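Survey of secondary and tertiary structure
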Amino acid sequence: MDNLSSKQSTMAYLISLEEDVQKLAQEHSLATLEHKLKLRQETLEYLFGQFLDEINNDDMQVLKDIQAKSQALIEEMQSSKHDKSQEIIKYKNTGKRIRLYTDIAQQK
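This one's a predicted model, so the numbers in the text were calculated from it and none came from an experiment.

This part takes up the side chain of Glu 18. Its place among the elements puts Glu 18 in helix H1 (residues 7–27). Judged by relative accessible area, which is 4%, Glu 18 ranks as buried. Those residues in contact with Glu 18 that sit more than four places away from it in its chain are Arg 40, Ile 66 and Lys 69.

Rendered as structure tokens:
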């Protein structure tokens, strides 16, 4: 945060982080994504802590766009989580069926 001495540099860094977040989300690089999300959160807190009085309507629009993209990302991740859990359940059931058939075959 040392090099973020002005609102413009902070906003530029925030936009850069948001682009990285979107790129990492598309690549499904979750560990790096988590790191970038933490950096973005810290930058947002710094922006509002240091430059609250300087934020204008254009800045608010950028922040609203980031919020909308974040909400879409959350929804996508929830959907992916649900799909993965359904896939796990499906394979889990398949494994049980295979063991059941194996047990039946061994009894005869």
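For the rest of this paragraph, the subject is the environment of Lys 36. Mapping Lys 36 onto the fold places it in helix H2 (residues 30–51). Spatially, the C-alpha atoms of Lys 36 and Gln 22 are 10.0 Å apart, while their sequence positions differ by 14 residues. Dropping the residues within four chain positions of it, Lys 36 is found in contact with Leu 17, Asp 20, Val 21 and Leu 24.

Next up on the list: the packing of aromatic side chains. For the structure shown, the criterion picks out one aromatic pair. With 5.9 Å between their ring centres and 80° between their planes, Tyr 46 and Phe 51 make a pair best called edge-to-face.

Any two packed helices are characterised by how steeply their axes cross, that is the angle between the axes, and by the distance between the axes. Between H1 and H2, the least distance of the axes is 9 Å, while the angle of their chain directions is 160°. In terms of orientation, H1 and H2 fall into the roughly antiparallel class. Helix-helix and strand crossings are classified by hand; for H1 and H2 the assignment is left-handed. Of the residues in H2, those touching H1 at Lys 7, Thr 10, Met 11, Tyr 13, Leu 14, Leu 17, Glu 18, Asp 20, Val 21, Leu 24 and Ala 25 are Thr 32, Leu 33, Lys 36, Leu 37, Leu 39, Arg 40, Thr 43, Leu 44, Tyr 46, Leu 47 and Phe 51. Split by residue class, the contact of H1 with H2 holds 14 nonpolar, three polar and five charged.

We now examine the pattern of salt bridges. Here the structure, examined in full by the defined rule, presents four salt bridges. For Glu 18, the salt bridge is made with Arg 40, and the minimal N-O distance between the two is 2.5 Å. Remark: Arg 40 occurs in helix H2 and Glu 18 occurs in helix H1; sequence separation between them is 22 residues. We note that Glu 18, like Arg 40, is buried. Ionic pairing is found between Glu 34 and Lys 38, a salt bridge with its closest N-O pair at 3.8 Å. With Glu 34 and Lys 38 both in helix H2, this residue pair falls four residues apart, about one helical turn. Under the relative-accessibility criterion, Glu 34 is labelled partly exposed at 47%.

What counts, and at which threshold
- Residues numbered from 1 in each chain as written.
- Predicted model: local features only at pLDDT ≥ 70, side-chain atom pairs only at ≥ 80, totals over all residues.
- Heavy atoms only, no water.
- Helix = DSSP H or I, 4+ residues; strand = E, 2+ residues; numbered from the N terminus.
- Buried < 20%, exposed > 50% of the residue type's maximum accessible area, 1.4 Å probe, protein only.
- Contact = heavy atoms within 4.5 Å.
- Phe/Tyr/Trp six-rings, centres within 6.5 Å; stacked < 30°, edge-to-face > 60°.
- Axes fitted to C-alpha atoms, helices over the stretch in contact; angles between N-to-C directions.
- Parallel < 35°, antiparallel > 145°, perpendicular 65-115°, else oblique.
- Left-handed = near helix turned anticlockwise from the far one by under 90°.
- Nonpolar A, V, L, I, M, F, W, Y, C, P; charged D, E, K, R; others polar.
- Salt bridge = Lys/Arg side-chain N within 4 Å of Asp/Glu carboxyl O.

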